[in-house]
Amino acid sequence: MRRGYDGIVVAAPVTVPYERYSVHGAHHWLGRALHGLLQAAHLTSQDLDGLCVSSFTLGSDTAVGLTQHFGLSPRWLDHIPMGGACGIVALRRAARAVQAGDADIVACVAGDTNAPDSFRATVAGFSRFTIDAALPYGAGGPNAAFALLTDAYMRATGARREDFGRIAVSQRANASGFPHALLRAPLSLDQYLSARMVADPLALFDCVMPCAGAEGVLVMQEATAKNLGLAYVHLRSAIERHNAFPDDPIQLRGGWAMDRDDLYAMAATSPDQIGLLQTYDDYPVIVMLQLEGLGFCGQGEAPDFVRAHDLRTTGDFPHNSSGGQLSGGQAGAAGGYLGLTDAVRQLTGAALGPQIPGLQRALVSGFGMINYDRGLCSGAVILEAA
Amino acid sequence: MIRRPGNPTILPAAPLAPPAVRSRAARGLAVAAAQGRFALQVCAACGRTQYPPRDACVACLGAQLDWRDVPNGGVLTAATIVRISTDPYFRQHTPWRMGSVRLDCGVDAMAHVHGKCRPGARVRMALKLDKAGQGVMLALPEADANPMQSDPKLREFTCDPAGRRVLVTDGRTAFGQAAARALIAAGAEVFLGIAAAWNPFPGQNDLPGTPIALDLTDGISVQNAAAAIAARTDIIVNTAGYFRPGAGDARAAMDASYFAASRLAQMFLPALRARAGDGTHPACAWVNMIGINGLVPDPGAPLASAVNAATLALVRALRPEMRPLKLINAFVGQLDDQWHQALPPPKTSPTQFAQAVVAALRNGDEEIAVGDLARHTLAQWYDNHAITLHA
Amino acid sequence: MSSLAAFAADLATGKLKIVDLTQTLSPDFPTIVLPPQFGQCAPFRMEVISRYDDAGPGWFWHNISVGEHTGTHFDAPVHWVTGKDLPNNTTDTLVVQNLIAPACVVDCSKDAANNGDYLLTVATLEAWEAKHGKIPAGNWVLFRSDWSKRQGAEYANVLEDGAHTPGPDAAAVQWLVDRGVLGFGVETIGTDAGQAHTFAPMYPAHTLMHGAGRYGLQCLCNLDQLPATGAMIVAAPLKILGGSGSPLRVLAIVPA
């Protein structure tokens, strides 16, 4: 049995409001996130002794360069290039650092800028396998990779486009109450189904909209949070896995299935005790893989699950309370933090939209890095209200 | 006369190529594709087939990964139609079908997918050169004799002469005449270059195609011919060159081969490249007949070896700049002509050459060897360049 | 008035006129074709060095390449093995006095213009002398065939057994040599007939003329503008070190 995260808390969730395109660089967005964290916690930059950064658009800079850029002198520093899993992995590592005394207050931030050509540039140079073996086949980017995955999933499970539509439509409903979401106009299932095709079977509302933005949280001991007068949540368990099930011909399951028993056992809980699920939702099919992989339903049963549940914040299975990336936009690596920051708000009673009443426990999941034909990183944390 | 309707007030489609950047390991796909082979890396230590190409074995981390022919069967796992692409070349060609294939040799490969392939069905894979000159995976129907013709999208990987206008540069030789005949039979319209028309030559009374004055040893003549037909030429098949055994006039030999190719490149290729993205039958290829002795020197033909090496180096050096045109080397051994009377077979005949050129254009190959001798020499070269140097 | 001053005055007043006997030097002008196992005469080639462009913003010029026996050209005695050991037999050692000389024009155009196998014979030369007087020593003899009015393949007239173009037979060449002529000039590609490889001796106009230290002029034109006698020929090849001949501009000065 792994050692727990007793006494480790997450506080000061910050979302720097997203913009479709930004004239500023990633440094600007990360700087604003850090500034927001310090303001929320009434700290100065000298009080931060740990920093963890994720970004795709820093150019040649890494977390090291940012210390000089931002005037920080941390004694613990990490850079986590894991896209949609970066929030989970950052929290997991920062928690251990604080637990071990290597740092007292760790700022975990992720952010990216977006210019009209940023997405193409990121796709074109994403990874060696992408360059060698994915990009030359139509250069459809992640849309194409997830189209293949969705195509295979539909034939394997009988999922229909309407099933994916339920996820997109319910998240748009959540976004209508979330002030930072870029797409807040109501979305109907008909609109979803009649949208133009992007990469069959994926249509416009299956795909996230790239944008600029940043997110961040602070990780510290519970006593520190109390001293600072901060609202906080407990980290109860965390898992991560990379390159799971490498011999599957196509990704019909993520790495969660390998580690979920650990996840629930550490937190001494079970799926039915989770009051809010925040999945990584770059495409609806990935939400289905998380529902299955995290044990909310059996393998291949997610289509039935979404038909049977109301996924809105106000529904019987609250899911992606901020509207997720499908409505909020995908601010690069910040997408890996989106579920985390809003889960902390919901658990501390500080929701920006509809508050889930009496929420005790949230599960936040991450998924990322289409290195070639599948997402390699998966992870999840269980957070508990104080 | 092949005519193509087009709107002259609209800018033609730009000559674009798909993404060309690859890791060094992945360039091995082009090596296999250029030979028409289906080869992937196989670990020398544990036998595991690798894909995408790697620097260490995915199963045992062995570093010796040899390119070996592997079974090309598989099952199409999933397919999609890319309708929105970030790449300018593919934006010209969307909607574009691609998919993922589980190969019988145990790897998963994204691939261009023939229109008749359905998910769940068996496919046969081929490696082809794309318009960037890189080796790419194609998933083709198992039962289709002419898969490269039966899906119009796959024309992007070929240079099918059907419906195209071809300049064959040297109609004075049996090789030029045979190539012209074969191309016409394959549906092309042929301009046949004739140098020094005042000087008679065999076959002059029964020439295929439309004769045009063209002397590749004369820059002015090439310029005049280019002015007349470069804007209407889709493929050039250059059969001029120097292929004789023994010693000779080196300057004249260089003029007839290297400089001839260089003049063609200067005066024709820019016009071809400008139309290499345009319409249903874009300009697509420059074929050069090159002695295999330019690749592996032949002690019996030192002059030809030197000048063919020069031409070969020129063609290969021009390739990146001339994409999306295909620059095809058609290697020939000893020609079946008067200059090689004293030498024993095998020799490359005009008919063999002509058929091989048509096949290469239809297949989209870029390095072909015509005849047993050239094939054998090319195989030796691929097997181990260094040994051929120390023959 | 000196004779030169009179000459200048006659040129200026048009009493004398200049006839250009030269074909334009161009890449597609036919050259002699030897059997393929032999070395070949290079055709004329021309490449731009600069044309008011980045290779030379204010000037225009070419590099040219050419064989010694390309286009309208001069044959020096060293061109043939029979003349290889004679004195003053190369383009740089020619006696310059010989480069301006009178010409007798033997007009055979009526019979030769449409007959590639026409041969100039002693009988024809004797008939010419009967009409115009004895051919003086030191004169060019120019053989008018009107073949310069042909072009391309018609001009070269190469058939399966080789070229068929008019020329002198061996006896006629020996007869001219014996008359002491300076050289023999023709409109066709060679001073010899196209089929002269079948004569005895082979190529008599080369073998006998050059063996006797005489010259040749080939690819002339406008011979129809010359009088039978009385034209002065200016034919000065390039002064090439040890050269066997050269392309040149051939001018005739004739009474108006």
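What counts, and where the lines are drawn
Residues numbered from 1 in each chain as written. Chains lettered and ligands numbered in written order. Predicted model: local features only at pLDDT ≥ 70, side-chain atom pairs only at ≥ 80, totals over all residues. Helix = DSSP H or I, 4+ residues; strand = E, 2+ residues; numbered from the N terminus. Rg over C-alpha atoms; globule rule 2.2 N^0.38 Å. Buried ≥ 20, exposed ≤ 12 C-beta atoms within 10 Å, placed from the backbone. Contact = placed C-beta atoms within 7 Å. Pairing = 2+ DSSP bridges. Nonpolar A, V, L, I, M, F, W, Y, C, P; charged D, E, K, R; others polar. Expected span 1.5 Å × (residues − 1). Domains from an automatic or database assignment. Axes fitted to C-alpha atoms, helices over the stretch in contact; angles between N-to-C directions. Parallel < 35°, antiparallel > 145°, perpendicular 65-115°, else oblique. Core = buried A, V, L, I, M, F, W, Y, C linked by C-beta atoms within 7 Å. Left-handed = near helix turned anticlockwise from the far one by under 90°. Right-handed = clockwise from strand over helix to strand, strands pointing away.

J.: How should I be thinking about the overall build of chain C in this particular structure?
T.: Along chain C, the regular secondary structure elements total 6 helices and 15 strands. Here chain C has a C-alpha radius of gyration of 19 Å; the compact-globule value for 256 residues is 18 Å, and the two agree. With the principal axes as the frame, chain C shows a C-alpha extent of 65 × 60 × 40 Å. Evaluated residue by residue, chain C yields a buried proportion of 41% over its 256 residues. Across chain C, the fraction of contacts at a sequence separation of at least 24, relative to all contacts at a separation of at least 6, is 73%.

J.: Would you mind going over the overall build of chain B with me for this structure?
T.: If you tally the helices and strands in chain B, you get 11 helices and 15 strands. Computed over its C-alpha atoms, the radius of gyration of chain B comes to 22 Å, within 12% of the 21 Å expected for a compact globule of 391 residues. For chain B, the C-alpha atoms occupy an extent of roughly 65 × 60 × 35 Å along the three principal directions. Residue pairs at least 24 apart in sequence account for 65% of intrachain contacts in chain B once pairs closer than 6 positions are excluded.

J.: In this structure, what is going on with the sheet that holds strand β2 (residues 49-50) of chain B? I would like to understand it.
T.: Pairing between the strands of a sheet comes from backbone hydrogen bonds, and it takes one of two forms, parallel or antiparallel. Residue and element names in this part refer to chain B. If you walk across this open sheet you meet the 3 strands as β2-β1-β3, and the pairing is antiparallel. Two strands lie at the open edges of the sheet, namely β2 and β3 (65-69), each paired on one side alone. As paired elements, strand β1 (residues 39-43) and β2 share 2 bridges and run antiparallel to each other. Note on β2: the bridge partner recorded for Val-42 is Thr-49.

J.: Sorry, what's going on with the interface of chain B and chain A here?
T.: A common measure of how large an interface is: the accessible area buried when the components associate. Across the contact, 34 residues belong to chain B and 31 residues belong to chain A. For the side of chain B that touches chain A, the secondary-structure elements that each account for two or more residues are β4 (73-82), β5 (96-103) and β6 (108-113) of chain B. Tallied by class, the residues present in the side of chain B that touches chain A amount to 19 nonpolar, 9 polar and 6 charged.

J.: Before we go on, may I ask you to explain the interface of chain B and chain C in this structure?
T.: Facing 9 residues of chain B, the contacting portion of chain C comprises 13 residues. Residues of the side of chain B that touches chain C, tallied by class, amount to 4 nonpolar, 3 polar and 2 charged.

J.: Is there a simple way to explain helix α4 (residues 174-185) of chain B in this structure?
T.: An α-helical segment advances 3.6 residues per turn. Residues three or four places apart therefore align on the same side. Residues and elements named next belong to chain B. With 12 residues, α4 should reach 16 Å at 1.5 Å per residue; the first-to-last C-alpha distance of 16 Å fits that figure. Extensive coverage of α4 is indicated by the burial of 9 of its 12 residues. Of the positions making up α4, those classed as buried are Phe-175, Gly-176, Gln-177, Ala-178, Ala-179, Ala-180, Arg-181, Ala-182 and Leu-183. Those residues of α4 that are buried are in contact with β9 (165-168), β10 (189-194), β12 (235-238), β13 (285-291) and α9 (350-363). In the stretch just after α4, Gly-187 is the one whose phi turns positive, near 100°.

J.: Is there a simple way to explain the domain arrangement of chain B in this structure?
T.: All names here are of chain B. Along its sequence, chain B is organised into domain 1 (25-151) and domain 2 (165-389). For domain 1 versus domain 2, the separation of C-alpha centres amounts to 31 Å. Contacts between the two partners involve 10 residues from domain 1, matched on the other side by 11 residues from domain 2. The residue inventory of the side of domain 1 that touches domain 2, partitioned by class, reads 4 nonpolar, 4 polar and 2 charged.

J.: What is the right way to read the arrangement of the chains from this model?
T.: Contacts are most numerous between chains A and B, taken over all 2 pairs of chains that touch. A gap remains between chain A and chain C, which never touch, and the nearest two C-alpha atoms on either side lie 37 Å apart.

J.: Is there a simple way to explain the packing of helix α7 (residues 161-175) of chain A against helix α11 (residues 284-293) of chain A in this structure?
T.: A pair of packed helices can be characterised by two numbers: the angle between their axes and the separation between those axes. Residues and elements named next belong to chain A. Contact geometry of α7 with α11 gives a least axis separation of 9 Å together with a crossing angle of 95°. By the angle between their axes, α7 is roughly perpendicular relative to α11. Here Phe-164, Ile-167 and Ala-168 of α7 lie close against α11, whose contacting residues are Pro-284, Val-285 and Val-287. Its residues assigned to classes, the contact of α7 with α11 shows 6 nonpolar, no polar and no charged.

J.: In this structure, what is going on with helix α10 (residues 256-267) of chain A? I would like to understand it.
T.: Compared with an ideal rise of 1.5 Å per residue, which puts 12 residues at 16 Å, α10 of chain A spans 15 Å between its outermost C-alpha atoms and is within 8% of the ideal. Elements that come into contact with the buried residues of α10 of chain A comprise β8 (232-242), α11, β10 (361-370) and β11 (375-385) of chain A.

J.: I keep staring at the environment of His-197 of chain C and nothing clicks. Help me out?
T.: Residue and element names in this part refer to chain C. With respect to the element layout, His-197 can be found in the loop between β11 (183-186) and α6 (204-211). On the neighbour-count criterion, His-197 (13 C-beta atoms within 10 Å) is partly exposed. For the pair His-197 and Gly-180, spaced 17 residues apart in the sequence, the C-alpha separation amounts to 25 Å. Discounting residues that sit within four places of it in the chain, His-197 has contacts with Gly-162, Met-202 and Tyr-203.

J.: Teacher, can you tell me more about the nonpolar core here?
T.: Here is a general trend for soluble globular proteins: nonpolar side chains tend to be buried in one another's company. All names here are of chain A. Ranked by size, the top nonpolar core spans 173 residues in total, and within it Leu-91, Val-106 and Val-219 carry the most contacts. For this core, the element with the most residues is helix α3 (residues 86-100), which contributes 9 residues. Once residues within four sequence positions are removed from consideration, Leu-91 is found in contact with Val-10, Cys-108, Val-219, Leu-235, Ala-238, Leu-340 and Val-381.

J.: What am I meant to see in the sheet that holds strand β14 (residues 245-247) of chain C here?
T.: Residue and element names in this part refer to chain C. Reading across the sheet, the 9 strands line up as β1-β15-β13-β5-β7-β11-β12-β4-β14 and stay open at both edges, with mixed pairing between neighbours. Each edge of the open sheet carries a strand with a single partner, namely β1 (16-20) and β14. Taken over all neighbouring pairs, the strand axes of this sheet differ in orientation by 25° on average, direction set aside. The pairing of strand β7 (residues 140-144) with β11 spans 4 bridges and is classified as parallel. Across the sheet, residue Val-141 finds its bridge partner in β11, namely Phe-184. Packing of α6 onto the sheet brings it into contact with β4 (73-75), β11 and β12 (215-218), and relative to β11 it is tilted by some 150°.

J.: Would you mind showing me how to read the packing of helix α5 (residues 170-179) of chain C against α6 of chain C here?
T.: Residues and elements named next belong to chain C. Between α5 and α6, whose axes approach to 9 Å, the crossing angle comes to 20°. The pairing of α5 with α6 is recorded here as roughly parallel in orientation. Judged by the twist between their axes, the crossing of α5 over α6 is right-handed. On the side of α5, the interface is formed by Ala-170, Val-173, Gln-174 and Val-177, while α6 contributes Pro-204, Ala-205, Leu-208 and Met-209. Across the contact of α5 with α6, the residue classes break down as 7 nonpolar, 1 polar and no charged.

J.: Help me understand the pairing of strand β2 (residues 50-54) of chain A in this model?
T.: On a regular strand, each side chain points to the face opposite its neighbour's, so the side chains alternate between the two faces of the sheet. Residue and element names in this part refer to chain A. Within β2, 5 of the 5 residues are buried, which leaves the element mostly enclosed by the surrounding structure. Along β2, one buried face is formed by Gly-50, Cys-52 and Ser-54 and the opposite face, lined by Leu-51 and Val-53, is buried too. Note that β2 and strand β3 (residues 76-79) share 4 bridges and pair parallel. The residue of β3 that forms the bridge with Val-53 is His-79. Handedness of the β-α-β unit built from β2, helix α2 (residues 63-70) and β3 comes out right-handed. In the sheet, β2 pairs with strand β4 (residues 106-112) via 5 bridges, with the strands oriented parallel. Note on β4: the bridge partner recorded for Gly-50 is Val-106.

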